[in-house]
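# Structural features, examined
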Amino acid sequence: MTKRKVIVTIAPTGGMAHKAQNRHLPTQPHEIADDVERCWNAGASVVAIHARRPDDGATCNADIYRDINTRIRDQGCDIVINNSTGGGVHGDMVKPLTDGRWEIAWEERIKGMDAGAEMCTLDATTLNLSFDGREILMDTPLSKGRELAMGMKARGIKPEWEVFSPTHILQDTTTLIEEGHDDGPHFINLVMNVHRSFQNAMPYSPRYLQMMVDTLPKNSLFCVSGIGPSQLEANVAALLLGGHARVGLEDNLYFRQGEIATNVQLTERIVRIIRELDMEPATPAEARALMGLPRAQGARPAFAVDSTVF
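These notes cover the structure that comes with them.

Scoring rules and cut-offs
- Residues numbered from 1 in each chain as written.
- Predicted model: local features only at pLDDT ≥ 70, side-chain atom pairs only at ≥ 80, totals over all residues.
- Heavy atoms only, no water.
- Helix = DSSP H or I, 4+ residues; strand = E, 2+ residues; numbered from the N terminus.
- Rg over C-alpha atoms; globule rule 2.2 N^0.38 Å.
- Contact = heavy atoms within 4.5 Å.
- Areas by Shrake-Rupley, 256 points an atom, 1.4 Å probe, with all protein chains shown as cover.
- Lys, Arg positive; Asp, Glu negative; His and termini not counted.
- Charge placed at Lys NZ, Arg CZ, Asp CG, Glu CD.
- Buried < 20%, exposed > 50% of the residue type's maximum accessible area, 1.4 Å probe, protein only.
- 1 Å grid on protein atoms, 1.4 Å probe; cavity = no way out; pocket = protein on both sides within 12 Å on 5 of 7 lines; lining within 4 Å.
- Points joined across faces, edges and corners; volume = space filled by probe spheres on them.
- Nonpolar A, V, L, I, M, F, W, Y, C, P; charged D, E, K, R; others polar.
- Polar contact = N/O pair within 3.5 Å; in protein donor to acceptor, adjacent residues only side chain to side chain.

Broken down by element type, the chain carries nine helices and 18 strands. A compact globule built from 310 residues should have a C-alpha radius of gyration of about 19 Å, and the chain, at 18 Å, falls within 12% of that. Over its C-alpha atoms, taken along the principal directions, the chain stretches across nearly 60 × 45 × 40 Å. Counting contacts in the chain only where the partners sit at least 6 residues apart, residues at least 24 apart contribute 73% of the total. In the form shown here, the chain has an accessible surface area of approximately 12,500 Å², with 51% of it arising from carbon and sulfur atoms. Here the chain holds 32 positive side-chain charges and 40 negative ones, and the gap between their average locations is 2 Å.

Spelled out as structure tokens, the structure:
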């Protein structure tokens, strides 16, 4: 029998943490591209990229994304490129509201679709976030979720659905999938243990993870973003439930208590665990086959891999 293939996603940067919290956090295009290559060599098959400005502020600027994406491909790396349309909680991504709160700017978020990535994150939900003393609204009614899904389909982009609770799966994600905006299999990232900063998000526990897995639409693949100290445990639980793995400094800045991590360390550890469980990390080509890439409809993204080159 062939071993089960596991998609390993590396999320190297995110849109929240700063270098002051972990000096290994890559924020500039050359740093991100170099880190991605190292993680790809260690067994990662997908990269979830957040762009940063020269001052490290979060951005969805398509030119910066293209710079990162180009550097990755120029290094001969065929990893699946996934650009964020969530952005982050500082930099270009936030604007003040009249009531003293802040908002993650919609007009900035949608720029993430225009950088030629094969995949993009799709947060089809409304959240209230708390960071650095600010209350920040991520306003995504169904109409905006639909706009993202339709925009991705027209560009040949595969969505990675970001969900934080069972209702996000059962309502927005399932509604948009049933409207025909995503070809199966559907790739869904279950974000857990961010409940102290994201209103309506779920804490991590094996029981809560099982509940979320039980609500997934038919023909779905899933991975788990276990935030902070739950990253390792959540990944192991996901593997045991037939899911896939996601690691990286976006989700967890530490290798173990009191020891800051590198993206390569986190990748190497989950690959060791996958192999100890008698599974095998998927190559990028195998990950594309599992996820249904390239999409059957829409344009061909600029950074989609040409099989004759890789």
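After that view, the rundown keeps rolling.
Turning next to unusual backbone geometry. Between Gly-184 and Pro-185 the backbone carries a cis peptide bond, its omega angle lying at 0 degrees. Tracing the backbone through its elements, the reader meets Pro-185 in the loop between α5 (166-178) and β13 (186-192). Despite not being glycine, Asp-132 shows a phi value in the positive range, around 50 degrees. Structurally, Asp-132 is set in the loop between β10 (127-131) and β11 (134-138). With a relative accessible area of 76%, Asp-132 lands in the exposed category. The phi dihedral of Asn-200 is positive, around 75 degrees, even though this residue is not glycine.

Counted as a void, the largest pocket has a volume near 960 Å³. Together, 50 residues line the largest pocket, and Met-16, Val-194, Ile-227, Glu-250 and Asp-251 are the ones closest to its centre. Looking at the lining of the largest pocket, the elements that each hand over two or more residues are β3 (46-49), β10, β12 (158-163), β13, α7 (231-240) and β16 (254-256). Looking at which element gives the most residues to the lining of the largest pocket, the answer is β16, with three residues. Looking at the lining of the largest pocket residue by residue, the class counts come to 20 nonpolar, 20 polar and ten charged.

Examined against the element boundaries, Val-47 turns out to sit in strand β3. Given a relative accessible area of 0%, Val-47 falls into the buried group. The spatial distance from the C-alpha of Val-47 to the C-alpha of Phe-255 is 19 Å, given a sequence separation of 208 residues. Residues in contact with Val-47, not counting those within four places in the same chain, are Ile-10, Pro-12, Val-36, Ile-79, Val-80, Ile-81 and Asn-82.

On to the environment of Ile-104, then. Residue position: Ile-104 is located in strand β8 (residues 102-104). With relative accessibility at 3%, the residue Ile-104 sits in the buried group. Sequence separation between Ile-104 and Val-89 is 15 residues, and the spatial gap between their C-alpha atoms is 6.9 Å. Those residues in contact with Ile-104, other than ones at most four positions away along the chain, are Gly-86, Gly-88, Met-93, Val-94, Arg-109, Leu-129, Ile-136, Leu-137 and Met-138.

With that settled, consider the side chain of Arg-246. As for its position among the elements, Arg-246 is in strand β15 (residues 244-247). Within polar-contact distance, the side chain of Arg-246 engages the side chain of Ser-225 at 2.7 Å. Engagement of the side chain of Arg-246 in a polar contact is seen with the side chain of Asp-251, the distance being 2.8 Å. For Arg-246, the residues in contact, after removing those within four places along its chain, are Thr-9, Ala-11, Ala-48, Glu-160, Asn-189, Cys-223, Val-224, Ser-225, Gln-231, Asn-235 and Asp-251.

Such coordinate-based values are descriptive only and should not be taken to indicate function.
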